[in-house]
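Next come the chains, spelled out residue by residue.
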Amino acid sequence: MQFVSKTGQIDKLSTPCLILPVFSKGKQAELTDLFDELHGKQITTVLKQGDATGKPGNTLLLQMPAGSKTKRVLLVGFGEQGKTTADDFNKAIAASINTLKSLPIKAVCSALLAVEVHEKDTDWKVRQLVLKSREMLYQYTETLTTSAPDSHTLETYQLLVMAESTTKTINKAAATASSIANGIDSAKKLADLPGNICTPSYLADTAKALGKQHSALKVTVLDEAKMEKLGMGSLLSVSRGSRQPAKLITMEHNGGPKSQKPIVIVGKGLTFDAGGISIKPSSGMDEMKYDMCGGASVFGVMQMCAELNLPINVVGVVPSSENLPDGDANKPGDIVTSMAGLTIEILNTDAEGRLILCDALTYAAKFKPDVVIDVATLTGACVVALGKHATGLLGNNDELANELLGAGIKAGDKAWQLPLWDEYKPQLKSNFADLANIGGPAGGTITAACFLSRFTEDYKWAHLDIAGTAWKSGTDKGATGRPVHMLSQFILDRC
Ligand code: BES
Ligand code: MN
Ligand code: ZN
């Protein structure tokens, strides 16, 4: 769906559906009042009767008399006038789109930017309106046949301009938001695909296709032979137990000056994690197809950068492999040598994410990065510590960490920082190698980050553990596209 600004008077609009805000208490919006006056006080009536309540998320569809230029009116509640919160706003947008998507209409005209939201500007409202709408319209269809849902008919969403001066702001915000939404959708689509379709080779092909679509995006894929040459013994040890060859995917967006050091984003692309020889319990194991969500978010972010032609250098790196039990798989006690030269004792083959990431993080140094951010569904411990709402954040540079925390708050895609203190580091001690790949049951998210920190000493680095935030379980099972929005905001703030 296209989001575009629209100027015009409310009494002269010709539209299949006009969307108007209503409040549960206090004065109604000027536009709502004006329309009400022109149409026999119908809105006042339905509010009085209680058919529309004005509460956040309440909607009521009104049919206009035959011959009206405005065919329908959708009333959307935003709570008490002047007290609409960011959550109320999102709830109202979600409810309105849910009503609209079952109607046989192609276009709508919305006056919802008239709603004042506490401490938020027009830019924020447009961003949120677009992203929430697109989230409600997202539909996984790839492997559905008879049970595929009816697709909606919406094509154009006009945003009524409240003050002439905001036209440019609205169009720019809508374009930015649409590209972020495209990135989120792509990440979700990849993540929701099953492991037998979305393999490391599938991800590599997807990257190459993205590179063809955007000529400014340079895509390279290293196969196992090339990785062998680079000495990526840790990454390759994980894929040895799989019949699918590992891939190391790089996507470079060079929108900034040549001299500008890039932001490098590294995403874990484990397309299925059975745990290897340290096999996982079978219940819920299907969800380990989501172990490539970090990689998927890198795809989403790179697509956003390319679509918006952002004037900045960003490199995406996705190490991709499966983790399966096999006669040739890693065994507990095996020792491998990483690209950095450090030997690693693999005490648990299920702690494989750090094994593929450490080599990708060493590889990342070749881009002479300004900062490196890795994104990974790395530890179940992160879900225990922070639940499903906050991404875990750790790193070796507080300035970078704060920048990411701030971007997360702005985007409503939040992270929470955990300590990466030296006190935790002895937990990774091994008698037989430079370090062990697990640090025991205490502080699992932190010791995983401690492991990675041994490979990131030469640059500013942050680690995002998205084990709790990348997908939803239960009846709502599906990818969330997090943290594409946080990372997009981080990059936009640097442009
Ligand atoms: N991909 C998992 C982490 C994970 C588990 C993410 C559950 C989301 C939900 C990772 O590869 C893993 O298995 N980690 C182990 C590490 C442990 C063996 C130290 C874990 O968290 O159990
Ligand atoms: Mn694992
Ligand atoms: Zn994993």
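By convention here, each chain's residues receive numbers from 1 onward along its written sequence. Here chains are named by letter from A upward and ligands by number from 1 upward, in the order in which they appear as written. This being a predicted model, a pLDDT of at least 70 is required before a residue's local features are given, and a value of 80 or more before pairs of side-chain atoms are given or counted; all residues contribute to the totals for chains, interfaces and linings. Excluded from the side-chain calculation are hydrogens and water; included are all heavy atoms of the structure.

Engineer: Run through the coordination of the zinc ion (ligand 3), naming residues and quoting values.
Structural biologist: Donor criterion used throughout: N, O or S atom within 2.8 Å of the metal, extended to 3.2 Å for Na, K and Ca. Water excluded; incomplete-looking sites may result. Donor atoms from the polypeptide that coordinate the zinc ion (ligand 3) comprise K268 (NZ), D273 (OD), D291 (OD) and E352 (OE), at 2.0 to 2.4 Å from the metal. Taken together, the six donor atoms coordinating the zinc ion (ligand 3) span angles of 78 to 179° at the metal, a pattern that classifies the geometry as octahedral. The sequence pattern formed by the donor residues of the zinc ion (ligand 3) is K-x4-D-x17-D-x60-E. Donor angles set the geometry label: tetrahedral for four donors if every angle is between 85 and 135 degrees, square planar for four and octahedral for six if opposite donors exceed 155 degrees and the others are between 65 and 115, irregular for anything else.

Engineer: Help me get a handle on the pairing of strand β14 (residues 371–376), residues and values and all.
Structural biologist: When a residue's accessible area, from a 1.4 Å probe over protein chains only, is under 20% of the maximum for its type it is buried; when over 50% it is exposed; and in between it is partly exposed. Every helix listed is a DSSP run of H or I at least four residues long, and every strand listed is a run of E at least two residues long, numbered separately from the N terminus. In terms of burial, β14 is a largely internal element, six of the six residues being buried. Residues V371, I373 and V375 line one face of β14 and the alternating positions V372, D374 and A376 line the opposite face, and both faces are buried. Sheet topology places strand β9 (residues 263–267) next to β14; five bridges connect them, and they run parallel. Residue pairing for β14: V264 is matched across the bridge by V372. Here, any two strands with at least 2 DSSP bridges between them count as paired.

Engineer: Just give me the short version of the sheet that holds strand β1 (residues 2–6), but keep the residues and values in it.
Structural biologist: The sheet built from six strands is open, its strands ordered β1-β6-β5-β2-β4-β3 with mixed pairing. Two strands bound the open sheet, and with one partner strand each, they are β1 and β3 (59–63). Averaged over all neighbouring strand pairs, the angle between strand axes comes to 25°, with direction disregarded. In the packing of helix α5 (residues 167–192) onto the sheet, the strands contacted are β1 and β6 (156–160), and the crossing angle to β1 comes to about 175°. All axes here are fitted lines through C-alpha atoms, helices being fitted over the stretch that makes contact, and every angle between N-to-C directions spans 0 to 180 degrees. Note on contacts: a residue pair is in contact if any heavy atoms of the two residues lie within 4.5 Å.

Engineer: Give a description of the coordination of the manganese ion (ligand 2) that names residues and reports values.
Structural biologist: The coordination sphere of the manganese ion (ligand 2), as far as protein atoms go, consists of D273 (OD), D350 (O), D350 (OD) and E352 (OE), spread over 2.1 to 2.2 Å. Considered as a linear motif, the donors of the manganese ion (ligand 2) on their single chain read D-x76-D-x1-E. If you look at the manganese ion (ligand 2) and the zinc ion (ligand 3), they sit 3.1 Å from each other and are both ligated by D273. Under the relative-accessibility criterion, D350 is labelled partly exposed at 21%. In this structure E352 comes out as buried when scored by relative accessible area, which is 1%.

Engineer: Give me the lowdown on the site of ligand 1, citing residues and values where you can.
Structural biologist: Only a single heavy atom is needed: when it lies within 4 Å of a molecule or strand, its residue is near that molecule or strand. Looking at ligand 1, there are 16 residues lining it, with K280, D291, D350, E352 and G380 nearest. Counted as a polar contact is a pair of N or O atoms within 3.5 Å, where, for protein atoms, one must be capable of donating a hydrogen and the other of accepting one, and residues adjacent in sequence contribute only when both atoms are in side chains. Taking D273, its side chain carries an N or O atom lying 2.9 Å from an oxygen atom of ligand 1. One of the side-chain N or O atoms of D350 is found 2.8 Å from an oxygen atom in ligand 1. All accessible areas in this document rest on Shrake-Rupley with a 1.4 Å probe, and a residue is counted as covered only by the protein chains that are shown. Protein contacts shield 77% of the accessible area of ligand 1, which totals 510 Å² for the unbound molecule.

Engineer: A description of the domain arrangement of the protein should follow, citing residues and the corresponding values.
Structural biologist: Domains assigned within the protein are domain 1 (2–141 + 150–160) and domain 2 (181–494). An automatic or database domain assignment provides the domain bounds reported here. In this structure, domain 1 and domain 2 have C-alpha centres spaced 40 Å apart. A combined buried area of about 980 Å² lies between domain 1 and domain 2, and 49% of that area is made up of carbon and sulfur atoms. In terms of surface lost to domain 2, no three residues of domain 1 exceed R134, Y138 and Y140, which account for 56% of the buried area on that side. In the sections that follow, a salt bridge refers to a side-chain nitrogen of Lys or Arg positioned within 4 Å of a carboxyl oxygen of Asp or Glu. One can count one salt bridge joining domain 1 with domain 2. In this structure, R134 and D185 form a salt bridge, with 3.2 Å as the shortest nitrogen-oxygen distance. Counting every contact that joins domain 1 to domain 2 gives six residue pairs in polar contact (both at pLDDT 80 or more). Under the scheme applied here, ten amino acids are nonpolar (Ala, Val, Leu, Ile, Met, Phe, Trp, Tyr, Cys and Pro), four are charged (Asp, Glu, Lys and Arg), and all others, including Gly, are polar. A class-by-class count of the residues in the side of domain 1 that touches domain 2 yields four nonpolar, one polar and three charged. Reported buried area values correspond to the accessible surface (1.4 Å probe) lost by two parts on association, with both partners' losses combined.

Engineer: Explain helix α10 (residues 353–364) to me, and be specific about the residues and the numbers.
Structural biologist: Multiplying 1.5 Å by the helix residue count minus one yields the expected span of that helix. Under the 1.5 Å per step criterion, the end-to-end length of α10 is 16 Å for twelve residues, consistent within 8% with the ideal 16 Å. Among the twelve residues that make up α10, twelve are buried, leaving the element largely enclosed by the rest of the structure.

Engineer: Please give an account of unusual backbone geometry that cites residues and values.
Structural biologist: The omega torsion of the bond from R482 to P483 falls at 0°, within 30 degrees of zero and hence cis. Turning to its location among the elements, P483 is positioned in the loop between β20 (478–479) and α14 (484–494). For K41, which is not a glycine, the phi torsion comes out positive at approximately 60°. Tracing the chain through its elements places K41 in the loop between α1 (30–38) and α2 (42–49).

Engineer: Tell me about the packing of helix α12 (residues 398–411) against α14, residues and numbers included.
Structural biologist: For the pair α12 and α14, the least separation of the axes is 8 Å and the interaxial angle reads 115°. Regarding the angle of α12 to α14, the classification is roughly perpendicular. Crossing of α12 against α14: the hand is right-handed. Along the contact surface, α12 presents L400, E403, L404, A407, G408, K410 and A411, while α14 presents H485, M486, L487, Q489, F490, D493 and R494. An angle below 35 degrees is treated as roughly parallel, one above 145 as roughly antiparallel, one from 65 to 115 as roughly perpendicular, and anything else as oblique. Should the near helix be turned counterclockwise from the far one by less than a right angle, the crossing is left-handed, whereas a clockwise turn marks it as right-handed.

Engineer: So what's going on with α12? Residues and values would help.
Structural biologist: Between the first and last C-alpha of α12 there are 20 Å, a value that for 14 residues agrees with the 20 Å anticipated at 1.5 Å per step. Looking only at α12, the buried set comprises L400, A401, L404, L405, A407, G408 and A411. All buried residues of α12 lie within an arc of 160° about the axis, which places them on one face of the element. Structural note: α12 exposes D398, E399 and I409 on the side pointing more than 90 degrees away from its buried face. Where α12 is buried, its residues touch β14, β15 (391–395), β16 (415–417), β18 (460–465) and α14. Think of the arc as the fan of directions from the helix axis to the C-beta atoms.

Engineer: Break down the side chain of S338 for me, with residues and values.
Structural biologist: Following the sequence through the fold, S338 ends up in the loop between β12 (334–337) and β13 (343–346). Within the structure, the side chain of S338 is placed 2.8 Å from the backbone oxygen of L342, a separation counted as a polar contact.

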